Amino acid sequence: MVWKRTISSKALEKAVSAAVKVDDKVIFIANIKGKLYAMDAVCSHARCILGSLDAEKLTVKCYCHHAVFDLTTGKMLEPPYVAPDAPKEKLGLKTYQIRDNNGWIEVDV
Ligand code: FES
């Protein structure tokens, strides 16, 4: 386990979600009603940075071609509108462990 510090817990609480750079990765993090989530922020379709969070459904929609990902598993739920037959099972995103450590959001990369 390699826990990396991202942004302050207060900043994430206020923003609800953010895309943060961690080493060579960009990771989408969210705090939804006190529960933390972390998933790759680089879309598996054409590498746009995610995205639009639906806090009720726990999904993230890519801004570019509207692929939808499950924030809890990284699974692609809806393919990009420009590639409706894209193999969703192969285009899922990696999720990460995330924690609040003394006021800082940390992700295990
Ligand atoms: S880059 Fe995300 S859906 Fe196309």
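Preceding this paragraph is the structure being described.
Residues numbered from 1 in each chain as written. Predicted model: local features only at pLDDT ≥ 70, side-chain atom pairs only at ≥ 80, totals over all residues.

K.L.:
Looking at this structure, how should I read the overall build of the protein?
P.N.:
Broken down by element type, the protein carries one helix and ten strands. What you see in the protein, going N to C, is helices and strands ordered as β-α-β-β-β-β-β-β-β-β-β. For the protein, the C-alpha radius of gyration of 13 Å lies close to 13 Å, the compact-globule estimate for 109 residues. The principal-axis extents of the C-alpha atoms in the protein amount to approximately 45 × 25 × 20 Å. When the 109 residues of the protein are sorted by exposure, 26% land in the buried category. Across the protein, every contact between residues at least 6 apart in sequence was considered, and the portion connecting residues at least 24 apart equals 38%. (Helix = DSSP H or I, 4+ residues; strand = E, 2+ residues; numbered from the N terminus. Rg over C-alpha atoms; globule rule 2.2 N^0.38 Å. Buried ≥ 20, exposed ≤ 12 C-beta atoms within 10 Å, placed from the backbone. Contact = placed C-beta atoms within 7 Å.)

K.L.:
Can you help me understand the sheet that holds strand 6 (residues 59-61) in this one?
P.N.:
In sheet architecture, strand pairing relies on hydrogen bonds along the backbone and comes in two forms, parallel and antiparallel. Spatial strand order, 5-6-7-8: four strands in an open sheet with antiparallel pairing. Each of the sheet's edge strands pairs with one partner strand only, and the pair in question is strand 5 (52-54) and strand 8 (76-78). When strand polarity is set aside, the average angle formed by the axes of neighbouring strands in this sheet is 30 degrees. Note that strand 7 (residues 68-70) and strand 8 share two bridges and pair antiparallel. By the bridge assignment for strand 8, Phe-69 is matched with Met-76. (Pairing = 2+ DSSP bridges. Axes fitted to C-alpha atoms, helices over the stretch in contact; angles between N-to-C directions.)

K.L.:
Quick question: what am I supposed to make of the nonpolar core here?
P.N.:
Nonpolar side chains in soluble globular proteins tend to end up buried together. In terms of nonpolar packing, the biggest core is built from 21 residues, with Phe-28, Ile-29 and Phe-69 touching the most fellow members. Put simply, the parts of the chain that give this core at least two residues each are strand 3 (25-32), strand 4 (35-40), strand 7 and strand 10 (104-108). Top contributing element to this core by residue count: strand 3, with four residues. Ignoring sequence-local partners within four residues, the contact set of Ile-29 consists of Thr-6, Leu-12, Ser-17, Ala-18, Val-20, Tyr-37, Ala-38, Ile-98, Ile-105 and Val-107. (Core = buried A, V, L, I, M, F, W, Y, C linked by C-beta atoms within 7 Å.)

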